[in-house]
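# Geometric and topological summary
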Amino acid sequence: MDARIALVTGGGQGIGRGIAERLLRSGWRVIIAEFDDQAGQETARELATHGQIVHLHTDVADEESVRATLEAVARRFGRLDASVNNAGIARPLGGPVETLALADWNRVIGVNLTGCFLCVKHAAPLLRPRGGAIVNIASTRALQSEPNTEAYAASKGGIAALTHALAISLGPAIRVNCISPGWIDVSALQKAGRRDSSPLRPLDHTQHPAGRVGQAEDVAALVEFLLSADAGFITGQNFLVDGGMTRKMVYAE
């Protein structure tokens, strides 16, 4: 009963699932806050052999849903040691900014950025007595972009800025850090019917200075460290996990 408790939003698929599995294997008890019930239930079932894992249906863009999830955590466990705000969407992109619908903009900002804020707002009272830690998942798109990705880039840039604001406001009781992943291959970490076994191309790997595309484990390992006492002097930071791609100058030949 002394195992630490972690909440992982969007933990049913992709990077979130990888984080949930890493923490379970390290002895944490994990609550998946997931909007997609199929994904959340599958992950909870498939990872149950590694430890105690619970799925709670959560819409991070809806405050009452987030409030209900954290109230359920308090009732069931009476505590929370870590919150990993990973839930996010990349679609709809919305096309050129001149035709980007406000509803599409609001949906991406609402899930990615407002959702992160709401989860911190309602998790903080549980985290504070435990000297807990928060890790927010942003993206290298906070720093660089492809065309027609304004809503997504803005949401991820907002998460990076929100992180250092929260670190100042919540410290020293709660540490808050951010991870910005680059290309992470999560094709095998999707819910049934969406998993893709197609191999990546050699070029996909060799274009990275690190020599390969990232794996969810690369992000999960850093999450685990940032939640640990070994990271006790680290807060308000944004860590890039991108195989060096944001440091690579690329010019058209």
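Before any of the text, the structure's been laid out above.
Right, let's walk through the structure included here.

### Comments concerning the side chain of S139
Here S139 is to be found in the loop between strand 5 (133-137) and helix 5 (150-170). When its relative accessible area of 6% is taken as the criterion, S139 is described as buried. At 3.0 Å, the side chain of S139 forms a polar contact with the backbone nitrogen of R141.

### Remarks on helix 7 (residues 216-227)
Look at helix 7: 17 Å from first C-alpha to last across 12 residues, which is about the 16 Å you get at 1.5 Å a residue. Among the residues of helix 7, A216, V219, A220, L222, V223, E224, L226 and L227 are the ones counted as buried.

### With respect to the packing of helix 1 (residues 14-25) against helix 7
Contact pair helix 1 / helix 7: the axes reach a minimum separation of 8 Å and the direction vectors enclose 50 degrees. In this view, helix 1 runs oblique relative to helix 7, as classed from their interaxial angle. Where helix 1 crosses over helix 7, the two elements pack in a sense that is right-handed. Here helix 1 contributes I15, G18, I19, R22 and L23 to the contact with helix 7, which in turn contributes A216, E217, V219, A220, A221, V223, E224 and L227.

### Re unusual backbone geometry
Between R91 and the following residue, P92, the backbone shows a cis peptide bond with an omega angle of 5 degrees. Mapped onto the elements of the fold, P92 is located in the loop between strand 4 (82-85) and helix 4 (102-127). Residue P172 follows G171 across a cis peptide bond; omega there is 5 degrees. Within the secondary structure layout, P172 lies in the loop between helix 5 and strand 6 (175-181).

### Overview of helix 3 (residues 63-77)
Between its first and last C-alpha atoms helix 3 spans 21 Å; for 15 residues at 1.5 Å apiece the expected length is 21 Å, and the two agree. Turning to helix 3, its buried residues number three or more, namely S65, V66, T69, L70, A72, V73 and F77. Looking straight down helix 3, one finds that the buried residues subtend no more than 150 degrees of arc, so they occupy a single side. Phi for G78, located one or two positions after helix 3, is positive at around 75 degrees.

Rules used in this analysis
Residues numbered from 1 in each chain as written. Predicted model: local features only at pLDDT ≥ 70, side-chain atom pairs only at ≥ 80, totals over all residues. Heavy atoms only, no water. Helix = DSSP H or I, 4+ residues; strand = E, 2+ residues; numbered from the N terminus. Buried < 20%, exposed > 50% of the residue type's maximum accessible area, 1.4 Å probe, protein only. Polar contact = N/O pair within 3.5 Å; in protein donor to acceptor, adjacent residues only side chain to side chain. Expected span 1.5 Å × (residues − 1). Axes fitted to C-alpha atoms, helices over the stretch in contact; angles between N-to-C directions. Parallel < 35°, antiparallel > 145°, perpendicular 65-115°, else oblique. Left-handed = near helix turned anticlockwise from the far one by under 90°. Contact = heavy atoms within 4.5 Å. Arc of directions from axis to C-beta.

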